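Chain by chain, the residues:
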Amino acid sequence: MPVNEQFAGRTYPPTAPYQVGRAKIAEFAEAVGAVDEVHTDVEVARARGYADVVAPPTFAVLIAQHADRQLMEDPEAGVDFSRVVHGEQKFVHHHPLTAGDEVVATMTVDTVRLVGGHAMVTTRSELATVGGEARCTATSTLVIRGED
């Protein structure tokens, strides 16, 4: 089954809240080589004006991919995850993610294009606190390879 082009414009419900925690931020910072103490030291973060430690900018992908999963698991979408290649990722940060934030992601399928037997799908996840404060817009382009 090919990717369903009719999914362009579809918006999925918000994800369950994701609790941004200090330990997760520290693990992610270590994994990506982010050595600034603002990611691991509460006092340094507070001295710079933040409520708690700050997540590295790409941390948002953890939350956005929870939203993307809705599309991958939707049988009507026609996405074979074994054929997915992550093409591009962009972030527009409205406010840094900090420890203590409870964040939900609302994902919209912006475009579905069939190109040379493959599908190019662009999704946009709006990340916000459960109180509605915008944190990040994460845009992802996926390539779903066609049949061999």
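A brief structural summary. All figures in this text were calculated on a predicted structure; none of them were measured in a lab. Counting starts from 1 at the beginning of each chain's written sequence and moves along it residue by residue. Confidence filtering applies because this is a predicted model: local features only for residues at pLDDT of at least 70, side-chain atom pairs given and counted only at 80 or more, and all residues used for totals across whole chains, interfaces and linings. Based on all heavy atoms of the structure, the side-chain values leave hydrogens and waters out of the count.

**Notes on the packing of aromatic side chains**
- Ring pairs are drawn from Phe, Tyr and Trp, using the six-membered ring of Trp, whenever the two centres fall within 6.5 Å, and their geometry is named by plane angle: stacked under 30 degrees, edge-to-face over 60, tilted for the rest. Under the definition given, this model contains two aromatic pairs.
- Taking the centre distance of 6.3 Å and the plane angle of 65° together, the rings of Y18 and F59 count as edge-to-face. One end of the pair, Y18, is in strand β1 (residues 18-19); the other, F59, is in the loop between α2 (42-47) and α3 (60-72), and 41 residues separate them in sequence.
- Judged by relative accessible area, Y18 falls into the buried class, the value being 15%.
- With a centroid separation of 5.4 Å and 80° between ring planes, the pair formed by F28 and F59 is classed as edge-to-face. Here F59 lies in the loop between α2 and α3 and F28 lies in helix α1 (residues 22-32), a separation of 31 residues in the sequence. You'll find F28 and F59 in the same group, each marked buried.
- Three or more aromatic residues link up through ring pairs in this structure, and these residues are Y18, F28 and F59.
- Here the basic side chain of R10 rests over the ring of F7, its NZ or CZ set 3.8 Å away from the ring centre. Each helix is a run of H or I in the DSSP string that is no shorter than four residues. Each strand is a run of E no shorter than two, and both are numbered from the N terminus. The classification of residues rests on relative accessible area computed with a 1.4 Å probe and restricted to protein chains. Under 20% of the type maximum is buried, over 50% is exposed, and intermediate values are partly exposed. Whether a charge lies above a ring is judged from NZ of Lys or CZ of Arg, which has to be within 6 Å of the ring centre and within 35 degrees of the ring normal.

**Overview of the pattern of salt bridges**
- Each salt bridge in this description consists of a side-chain nitrogen of Lys or Arg and a carboxyl oxygen of Asp or Glu lying within 4 Å of one another. Inspection of every chain in the model, using the stated rule, returns seven salt bridges.
- A salt bridge links R48 to D36; its shortest N-O distance comes to 2.9 Å. Note that R48 is positioned in the loop between α2 and α3 and D36 in the loop between α1 and α2, a separation of 12 residues in sequence.
- Taken together, the salt bridges that share partners define one network made up of D101, E133 and R135.

**Let's talk about α1**
- Among all positions of α1, only I25, F28 and A29 are buried. Relative to the axis of α1, the buried residues are bounded by an arc of 100° and lie together on one face. The outward face of α1, more than 90 degrees from its buried face, is lined by the exposed residues A23, E30 and A31.
- On its buried face, α1 is in contact with α3. The directions considered for the arc are those from the helix axis to the C-beta atoms. Contacts between residues were defined by any pair of non-hydrogen atoms, one from each residue, lying within 4.5 Å.

**Quick notes on the pairing of strand β3 (residues 102-115)**
- Here, strands pair whenever DSSP counts at least two bridges between them. Inspection of the sheet shows β1 paired to β3 by two bridges, in the antiparallel sense. Paired with Y18 across the bridge in β3 is V103.
- As paired elements, β3 and strand β4 (residues 118-129) share 12 bridges and run antiparallel to each other. Bridging across to β4, A105 finds its partner in L127.

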